[in-house]
Amino acid sequence: MLHTKCPNCGGEHIEGFFEIKNAPIFSLVTVKSKEEALNVPRKDIELGFCHSCGFIFNRLFDTSIDYFTGGYEDQQGFSKTFMEYLTGISNELIEKYNLKGKTTMEIGCGKGDFINLLTNLNGGKGIGVDPAYEEGRQTNPNLTFYKEFYSEKHGNLKASMISCRHTLEHIHGTYEFLKLIRKSLDDSMDTVVFFEIPQISRILDIQAFWDIYYEHCSYFSAGSLARMFRAAGYEILNLRLVYSDQYLLIEAKPAAVPSTRTFDIEESIEEQKARVENFKVKIREQLDDWRQKLTALKEKGSKVVVWGGGSKSVGFLTNFADIGVIEYVVDINPHMEGNFIPGIGKQYKSPPFLKEYQPDAVIIMNGVYQKEITQSLHEMGVYPEIYAL
Ligand SMILES: [Zn+2]
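Just so it is clear, the model here is predicted, and its values are computed rather than measured.

## Here we look at the packing of aromatic side chains
Point 1. Overall, the coordinates contain 25 aromatic pairs when judged by the stated rule.
Point 2. When the ring of Phe 55 is compared with that of Phe 220, the centres are 4.7 Å apart and the planes differ by 40°; the resulting orientation is tilted. Taken as a pair, Phe 55 in the loop between strand 2 (42-50) and strand 3 (56-58) and Phe 220 in the loop between strand 9 (218-219) and helix 6 (222-231) lie far apart in primary sequence, 165 residues in all. We note that Phe 55, like Phe 220, is buried.
Point 3. Between the aromatic rings of Tyr 85 and Tyr 243, the centroid separation amounts to 4.8 Å while the plane-to-plane angle is 50°, which identifies the pairing as tilted. Placement of Tyr 85 in helix 2 (residues 80-96) and of Tyr 243 in the loop between strand 10 (234-242) and strand 11 (247-254) is noted, with a sequence separation of 158 residues between them. Here the two residues Tyr 85 and Tyr 243 agree in accessibility, since each one is buried.
Point 4. Aromatic ring contacts, followed pair by pair, group Phe 209, Trp 210, Trp 290, Phe 316, Phe 320 and Tyr 387 into a single cluster.
Point 5. In this arrangement the basic side chain of Arg 165 is found over the ring face of Phe 114, its NZ or CZ atom lying 4.8 Å from the centre.
Point 6. Sitting over the ring of Tyr 357, Lys 303 keeps its end group 4.9 Å from the ring centre.

Structure (structure tokens):
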């Protein structure tokens, strides 16, 4: 299945520029055995660049599969660094948009960590919508969960803010999704909409191939995201990069007439095109470089582990599974311990495992956590060589 039209703007001049063969189609799903992990279906990824709006998407993405209902683990709240970030953002939104005591909604709320945090901080009520929500994960009586895909009927639930974090990148019909939310706001034009997503420009600039995996079909930059929000009937209130430029945040509200307000960080389509051209050359070097490093570790007989499960480890390991140097992946999320990595078949361990395993090298999947992780390693008396992505 090749998508020939841009899901953001409908443009038909799409240029394929990067392929990953045989990527596991699930990376966050819970898998209890090695066999099951190795049996996760694989499909090819081909990133396409839209010359009309600058959007990047997997143009081979299979939209017939339900990626969410099977249950997945994606909680990041076990990291102190992450919680500090999230608390800061929440307090800022509450202050800026007068959300004290108000009802807010989150689309794609996962296990409900963010809506719970926000509701605790604003002293209001919270609504979470997500087919993968698990009963009992949250016990806050001010929260209501709908274990469903977001649809038109949820538009009747009124909220002062609708947030949607790390969800849009999983949605192929991006413009339609924004329009669906926008339609529900015709009679509540003061509602603020807040989205958080990974951003592609950084991935292109540093060739962060570990951030490209099957479940992410849509890859936004400040420019392509802003252009789509305006086209879907929103006025953008704020647009910025956070978390070492890994995440893109947008705050918007419904616009009565088409908005022309733009932000400095919106890159032009030409700039993005140049970025894609640069990526095409540099990604080869980057992949060769890692292959050499890992092969050298294998030849030395080093014990190598990856720290940080989830999609980044799948994205990283998909490219080097054939070398066979990595036996374990460590993650601080206790719900992942003992599970196997989809498509890769390696087992998740919790950090104390490293005390007995004494790895020679640890590859950290997100450099933002390097300090926190290095400290944990040293506290356990483990002093490996450290690589950080
Ligand atoms: Zn487009």
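Next comes the rest of the write-up.
## Describing the coordination of the zinc ion
Point 1. For the zinc ion, the protein coordination sphere consists of Cys 6 (SG), Cys 9 (SG), Cys 50 (SG) and Cys 53 (SG), at 2.3 Å.
Point 2. If you list the donors of the zinc ion from N- to C-terminus, the spacing comes out as C-x2-C-x40-C-x2-C. You can see Cys 6 sitting in the segment before strand 1 (14-24) and its partner Cys 53 sitting in the loop between strand 2 and strand 3, a full 47 residues away along the chain.
Point 3. Classification of Cys 6 as buried rests on a relative accessible area of 4%.

## Here's the deal with the environment of Phe 68
Point 1. Of note, Phe 68 is situated in the loop between strand 3 and helix 2.
Point 2. Relative accessible area serves as the criterion here: at 18%, Phe 68 is assigned to the buried category.
Point 3. Put simply, Phe 68 and Gly 155 are 87 residues apart on the chain and 21 Å apart in space, counted from C-alpha to C-alpha.

## Re the layout of surface pockets
Point 1. When its volume is computed, the second largest pocket comes out at roughly 160 Å³.
Point 2. Lys 80, Thr 81, Glu 84, Val 368, Lys 371, Glu 372 and Gln 375 are the residues that line the second largest pocket.
Point 3. For the lining of the second largest pocket, the elements supplying multiple residues, two or more each, are helix 2 and helix 10 (370-379).

What counts and what doesn't
- Residues numbered from 1 in each chain as written.
- Predicted model: local features only at pLDDT ≥ 70, side-chain atom pairs only at ≥ 80, totals over all residues.
- Heavy atoms only, no water.
- Phe/Tyr/Trp six-rings, centres within 6.5 Å; stacked < 30°, edge-to-face > 60°.
- Helix = DSSP H or I, 4+ residues; strand = E, 2+ residues; numbered from the N terminus.
- Buried < 20%, exposed > 50% of the residue type's maximum accessible area, 1.4 Å probe, protein only.
- Lys NZ or Arg CZ within 6 Å of the ring centre and 35° of its normal.
- Donors = N, O, S within 2.8 Å, 3.2 Å for Na, K, Ca; no water.
- 1 Å grid on protein atoms, 1.4 Å probe; cavity = no way out; pocket = protein on both sides within 12 Å on 5 of 7 lines; lining within 4 Å.
- Points joined across faces, edges and corners; volume = space filled by probe spheres on them.

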